[in-house]
Amino acid sequence: MGLGRVGLPTAVLFGRAGLDVVGVDVSDAVRARIECREVGSEPGLRNALSVVLHGGLRVAARPVAARAYLISVPTPLHANRQADLSQLQHAVATVASVAPRGALVAIQSTVPVGTTDEVAATLRARDPTLRVAHCPERVLPGDALREMVHNDRLVGGVDEDSTAAAVALWRSVAEGELLSCDARTAELTKLVENASRDVQLALANSVAHLAEQHGLDPARVRELANRHPRVSLLHPGPGVGGHCIPVDPWFLMTQGVQGTELFRAAREVNTAVVHRVERRIREEAGAGRAIAILGLAYKPDVDDERNAPALQLARRLSVDLDVVVTDPFVRVPPDLREVSLDEAMTRDLVVLAVAHEVYRAHGPPSGRDWMDLCGGWP
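About the criteria used
Residues numbered from 1 in each chain as written. Predicted model: local features only at pLDDT ≥ 70, side-chain atom pairs only at ≥ 80, totals over all residues. Heavy atoms only, no water. Helix = DSSP H or I, 4+ residues; strand = E, 2+ residues; numbered from the N terminus. Rg over C-alpha atoms; globule rule 2.2 N^0.38 Å. Buried < 20%, exposed > 50% of the residue type's maximum accessible area, 1.4 Å probe, protein only. Contact = heavy atoms within 4.5 Å. Lys, Arg positive; Asp, Glu negative; His and termini not counted. Charge placed at Lys NZ, Arg CZ, Asp CG, Glu CD. Salt bridge = Lys/Arg side-chain N within 4 Å of Asp/Glu carboxyl O. Core = buried A, V, L, I, M, F, W, Y, C linked by side-chain atoms within 4.5 Å. Axes fitted to C-alpha atoms, helices over the stretch in contact; angles between N-to-C directions. Parallel < 35°, antiparallel > 145°, perpendicular 65-115°, else oblique. Left-handed = near helix turned anticlockwise from the far one by under 90°. Arc of directions from axis to C-beta. Polar contact = N/O pair within 3.5 Å; in protein donor to acceptor, adjacent residues only side chain to side chain.

So, the overall build of the chain
Reasoning step 1: A count of helical and extended segments in the chain gives 14 helices and 11 strands.
Reasoning step 2: For 378 residues, the compact-globule estimate of 2.2 N^0.38 gives 21 Å, and the chain sits close to it at 22 Å.
Reasoning step 3: The principal-axis extents of the C-alpha atoms in the chain amount to approximately 70 × 50 × 40 Å.
Reasoning step 4: By the burial criterion, 50% of the 378 residues in the chain qualify as buried.
Reasoning step 5: Considering only intrachain contacts with a sequence separation of at least 6, the fraction spanning at least 24 residues in the chain is 70%.
Reasoning step 6: Separation of charge centres in the chain, based on 41 positive and 47 negative side chains, amounts to 1 Å.

Here it is in structure tokens:
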């Protein structure tokens, strides 16, 4: 249920394992792209899809009677930063209308603590034999197929029977350890994993800001600090993007529980980085100078621009400055002006915002001012 960046690789893996898989997505456009093998830049996904499509995997607009249902629909934020579970609720209602007795319903989508129990109550009001679990993904875009197979996976059922059913299903494709727990523990652990990364990035960005205010080289401070045997500062950047890290900590902070102050502070730090970087670029560019932004994705060598700081930065600067952009993976939106990499390198100020391999290999422009926001150019 849901054939996006998690759902489609999941469907392909189970189809490749010899199971009969129906990949369901309500979007006509998504299904059409899959039928045409237009699946973006995820390594290995197009070839793997071509092997199983119309064999072990078929694509449909609605689910059918099945032994198991894996729900991988988006759970974004409302404007008030509460979790928007409308797509999950729709998927659950659709599954409930066709699920046979004893079927497993496993939620891969990231959700607030307690959501799986609520889903189970809804489903079991119609059929008390249904088994329900939370099996959150641990996927790195750009390495999704390998990580789904080899990473350890949380499997949290609403009861022991549900956990056992989910473990048995995932054993058909997973080589990593399947870590059994209850659903609420799986939900909280998944959220903590992403909040932890957010906190680590906030520390890296704070250290870089401190170094700059003291007139010091942030990269040198980080290098020396990491020579300590128990210190491992991450590389700072222009902000924190992607679907998970900027979103999931809010699932913890908006449930009215205590102990989330650190997560809130990290979100504030990382959100402010884009604005600070924008000021630096404006000061460096001055008046009347042409600027190029290299990269719009949220991380290197992927076509995912969700919550990408580079994209936010390009749009903010383009309001009143002469800005062009380039990215070999992301389809540039119509409100930005796209140019080739060669042309971008001729601008007065070249800003490396995403360390795509093509930019790292090219190196900084010769005879032009440049800024490296992500550590791609030594």
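And the narrative resumes.
Focus on the environment of Ser232
Reasoning step 1: By the element assignment, Ser232 lies in the loop between α9 (218-225) and α10 (248-253).
Reasoning step 2: Taking the C-alpha atoms as reference points, Ser232 and Arg222, separated by 10 residues in sequence, lie 8.6 Å from one another.

Side note on the environment of Ser27
Reasoning step 1: Counting through the fold element by element, Ser27 comes out in the loop between β1 (21-24) and α2 (28-35).
Reasoning step 2: Overall, Ser27 belongs to the partly exposed group, its relative accessible area being 24%.
Reasoning step 3: Remark: the alpha-carbon pair of Ser27 and Pro378, spanning 351 residues in sequence, is separated by 43 Å.

Concerning the pattern of salt bridges
Reasoning step 1: In total, this model carries 25 salt bridges according to the counting rule given.
Reasoning step 2: When the shortest N-O distance is used, the salt bridge between Asp20 and Arg58 registers 3.0 Å. In this pair, Asp20 is assigned in the loop between α1 (7-16) and β1 and Arg58 in strand β2 (residues 57-60), connecting sequence segments 38 residues apart.
Reasoning step 3: Arg131 is paired through a salt bridge with Asp161; the nearest N and O atoms lie 3.7 Å apart. Of this pair, Arg131 sits in strand β5 (residues 131-134) while Asp161 is found in helix α7 (residues 160-170), placing the two residues 30 residues apart along the sequence.
Reasoning step 4: Look at the salt bridges and you will find they share partners, linking Arg5, Asp303, Asp304 and Arg306 into a network.

What about the nonpolar core?
Soluble globular proteins tend to pack their nonpolar side chains together in the buried interior.
Reasoning step 1: Within the largest apolar cluster, 37 residues are counted, with the highest numbers of intra-cluster contacts made by Leu8, Val12, Ile34, Leu49, Leu57 and Trp170.
Reasoning step 2: Elements represented by at least two residues in this core include exactly α1, α2, α3 (45-52), β2, β4 (104-107), α6 (144-150) and α7.
Reasoning step 3: With residues up to four places along the chain from it excluded, the contact list for Leu57 reads Ala11, Val12, Val21, Val22, Gly23, Leu49 and Val52.
Reasoning step 4: Core analysis: the second largest hydrophobic core is formed by 31 residues, Met1, Ala91, Val113 and Trp250 among them.

Section: the packing of helix α8 (residues 183-213) against helix α11 (residues 261-285)
Reasoning step 1: At a minimum axis distance of 8 Å, the contact between α8 and α11 shows a crossing angle of 45 degrees. The angle between the axes of α8 and α11 places the two elements in the oblique class. As α8 packs across α11, the resulting crossing turns out to be left-handed. Here α8 contributes Ala195, Asp198, Val199, Leu201, Ala202, Asn205, Ser206, His209 and Glu212 to the contact with α11, which in turn contributes Leu262, Phe263, Ala266, Arg267, Val269, Asn270, Val273, Arg276 and Arg280.

Considering α2
Note: α-helices contain 3.6 residues per turn, so residues at a spacing of three or four share the same orientation.
Reasoning step 1: Residues Val30, Arg31 and Ile34 constitute the buried set of α2. All buried residues of α2 lie within an arc of 95 degrees about the axis, which places them on one face of the element.
Reasoning step 2: Two or three places before Ala29, at the start of α2, stands the capping residue Ser27, its side-chain oxygen 3.3 Å from that residue's backbone nitrogen.
Reasoning step 3: The positive-phi residue at the C-terminal boundary of α2 is Arg37, with phi of around 65 degrees.

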